[in-house]
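Chains, contacts and geometry: an overview
In case you want the letters, here they are:
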Amino acid sequence: RHVSLRNAFPIFRVLLLSLLAPASGLRTVADEAPGERPEGSMVAWYHQIPHRRLMLVVYPAMAVAAVLLLVLVVIALRSSREETLPNKTRRQSLKVNRLMVRLGASGAVEVLHPETTLVEDFRQAFTWTRLGVFWVAILLSFALAVFGDSKLFMMKHSVGNIASMEACEAACHADPTAQCGLNDIKFEKVEKKSCELSGTCKEDVPSPTVEFVKCTFNVAPEAWKVDLVLVSAIVGIYLIVEGLPAELILFGLNCIYGILGIISVKQVWGGLASGSVVGLALLFPIAAAIEETGVLDVAIGVMLGNPQSFIVAFFRMLIPVALLSAFLSNTAIVTMMIPVIVSWSRTLGEHPGKLLMPLSFAAQLGGSCTLIGSSHCLVARESVDKTLYEMSFFDLSYSGTILCLSTFVLMALSLPFLASSAAAAETVLEDDVNQENLYLVKFTLRRGSSYVGLTFELASIQLKRLPGVRELVRNPAAGDVLKEDEELKFLVDETGVTSLRQIKGLCISSEDALWALGMERERRHLYEVSLSPSSELLEEPLDFDVMRQVFGACPIAIRGKESDIPVAGDIVLLEADERYVGTAMWQEEFSITRIVPNSSPQRVGGVHDKLRCVLVCLGMATLIALVTLEVVDLSAGAGIFVLLLVLSNAYSMSSVYRNIKGPVLLTIAGASGLSAALQGTGIAMFAAKELTKCAMPYGPIGIRAAVYFLCAFLTMFMNNSATVAIIGPMLATIARSTCAPTDITCQQKSIKALAHVMTFAAGTCLTSPLGYQTNLMVMKDGGYTFADFAKYGGLVQVFHLICCVLVVSLLVDMFDL
């Protein structure tokens, strides 16, 4: 406001001249057609700013960014006006309101708006930070266009069926984007084994030699495609880091590139059509079917046992978790292990924080030991050049097992760095229990329950950590130690019943009535219903047989009372078959119905359940064996397994659809398209060459360490499958840069080692709780902060880097494992 237009005009004039006037010494990518390239006296054309290139992407992007900047400035000036007195008075009265203070919602008025204005929507969509990243991406693209070398993003292009050098030169000149200098064209005869062309060479197996002619020349990508992919990729990755859904951003970029012709339509949908992605989609319901059998609970209980010392408990926790995570979902493993570990820590007199972070790390380490341990392993198999290396089922197991065990030892030695921070975490203060809003539900201790023999106080602490469980009540005359078949009373909300029924050592008092509802347990859910004033169920005890015959339901408890005699307006918690809900009789008796999410009972305990458990486990073992022996492909074998599960009624189609994780699949497919765009524009090759150039002085060890660092860094901010899909295609260029062009064996070993390092690095994020889902899962119960992960996890991550590079180099280079 204090700068006049006269003073400001020279500034705008300088900026305008810097864009429009020729600048000596500036170079450009040759993005003009060959017929338009100047010759002779027009050599000075190369020393001008490349306006024709910049007009396609950079200049329009600058114009858009400038308009957005202007709008944000105007909005900021309007928003800086002082708030009116009536609004201040209203907000102050809300802050001192007793009801608002009690609910902790004194600031709700500032969040809950009935309707937002277009200005507010604009401010949320285009923040100053996002605009700043957009400008950085534009300026980077501008700098590459102006100062970049013409061969910066050159790619090798091969043409077959060429008989002579003259024909090779003719093919080069026929391509408008090709560079046809003497140093750009190569024509040679190459002899290779036929197995090398298909990537199926095996030791001691002879293979015929094939001779073919190879014509290679350099091709420059269209410059506007480079600019567009560079700007959009930078902005897209930032939006993912900011917290927007990765599948939305990556798949959106994928579709944009397909519409503009940067990648083909086949490449747009190629990720979804990939065999690895299809196999991964089918593995999700298979893993859920195994988890549903309850075999994991039994396996974990057997392997963990009852350790008497902390260090024994530490290793007895890590090894089973890593082993199970190699074949099943590590998220499910950690979910089941958290209450067990909390119980252990109380028994051993240790803070749970000394075990929960290592629990998460063990699940991550084990998930990278087999091809199906985690989704990023399948993506690694798909993204690496299969003509040089194709990952098999147990390829990662040799290095992964050694890496797990060595990292476990260091994690134990580094525990003092974790104990000092985790021990400071305080137990979360409990709220006052309001019995009027809770249900009183009775459970019985089963024989052989892990809670038998525990003190009531210790069992109460453990069970109250379950979601929805508020208080544990028992007869004081029963003694201090819990006994078999003892009845316990729990004050719970609607989710607490589901949590307690998942504990194998507890049996709900109405179990026989619940079994009478039938075996189609996937159709049964918990419902909260309010009895209407005209209901026939009022003023008399709820009869289980009547409720089952009329409503397909079994009552569990009445909110706020121990009696089973309801009155009008009472809220009853019951389990019912979904096919009965909403019938005419149901609507007459119940005025309000609310379903409890994820409340279907577990499919365990029956004769058919035991048979299903055996069949599912045997089927999984058979699938692993057949895929390992390369008898069947993973996607085909998993498809047959899912088909058998559905046909045998071991699993329903609705459960299959429910457990297929769409966001993960879309993220992988979108990352595949972004990877194709980075390759097609030469950006991936440029990045690979620069990475190789920086690490080459340190040899293969330095290159592998650089790949590890890059993957681990990206995984801190984005999905590990997306990281692998972006880095994987670069590995072939790096491998070829470190070996002679004719040394195929060296290239195969190099890319194998790089692929293993990339997989281990992307699947192990130890320095940030945001890098992996299991880190977030243990954060609350362990009382961790970001600093805790940085201190303990950072130390383990550095050792993992060193150990990973050394172990992979040793096993791959010396033993070819």
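Look a little higher up for the structure.
Residues numbered from 1 in each chain as written. Predicted model: local features only at pLDDT ≥ 70, side-chain atom pairs only at ≥ 80, totals over all residues. Heavy atoms only, no water.

**Some remarks on the overall build of the protein**
Heads up, the rule is: Segments assigned H or I by DSSP are reported as helices when at least four residues long, segments assigned E as strands when at least two residues long, and all are numbered from the N terminus. The buried label applies to any residue whose accessible area, calculated with a 1.4 Å probe on protein chains only, is under 20% of its type's maximum; exposed applies above 50%, and partly exposed to all values in between. Only heavy atoms matter for contacts: two residues are in contact if any of them lie within 4.5 Å across the pair. Accessible areas in this description were obtained via Shrake-Rupley with a 1.4 Å probe; residue shielding takes into account the shown protein chains only.
Each helix and strand in the protein was counted, giving 36 helices and 12 strands. Counting all 817 residues of the protein, 46% fall into the buried class. For the protein, restricting intrachain contacts to residue pairs at least 6 apart in sequence, the fraction spanning at least 24 positions comes to 76%. For the protein, the accessible area works out to roughly 41000 Å², and carbon and sulfur atoms hold 62% of it.

**Quick look at the state of the cysteines**
We count it as follows: Disulfides are defined as pairs of cysteine sulfur atoms found within 2.5 Å of each other.
If you walk through the whole model with that rule in mind, you get 3 disulfides. Linked covalently through their sulfurs, Cys168 and Cys215 form a disulfide whose S-S length is 1.9 Å. Around the S-S axis, the bridge from Cys168 to Cys215 shows a dihedral of about 80° and counts as right-handed. Residue Cys168 is found in helix α8 (residues 165–174), and its partner Cys215 is found in strand β4 (residues 209–219); the two are separated by 47 residues along the sequence. Disulfide partner of Cys739: Cys746, at an S-S distance of 2.0 Å.

**Details of the sheet that holds strand β6 (residues 469–473)**
Applicable threshold: What makes two strands pair is DSSP finding at least two bridges between them. The axes used here are C-alpha line fits, helices contributing only the stretch in contact, and every angle between their N-to-C directions lies in the interval 0 to 180 degrees.
Sheet architecture is open: 4 strands sit in the order β6-β7-β5-β8, paired in antiparallel fashion. Where the open sheet ends on each side, the last strands, each with one partner, are β6 and β8 (506–508). Put simply, the sheet's adjacent strands are angled 40° from each other on average, direction ignored. Bridging between strand β5 (residues 439–445) and β8 involves 3 bridges; their strand directions are antiparallel. Paired with Thr444 across the bridge in β8 is Cys507. Lying on the sheet, helix α21 (residues 456–463) is in contact with β6, β7 (487–492) and β8; it crosses β6 at an angle near 160°.

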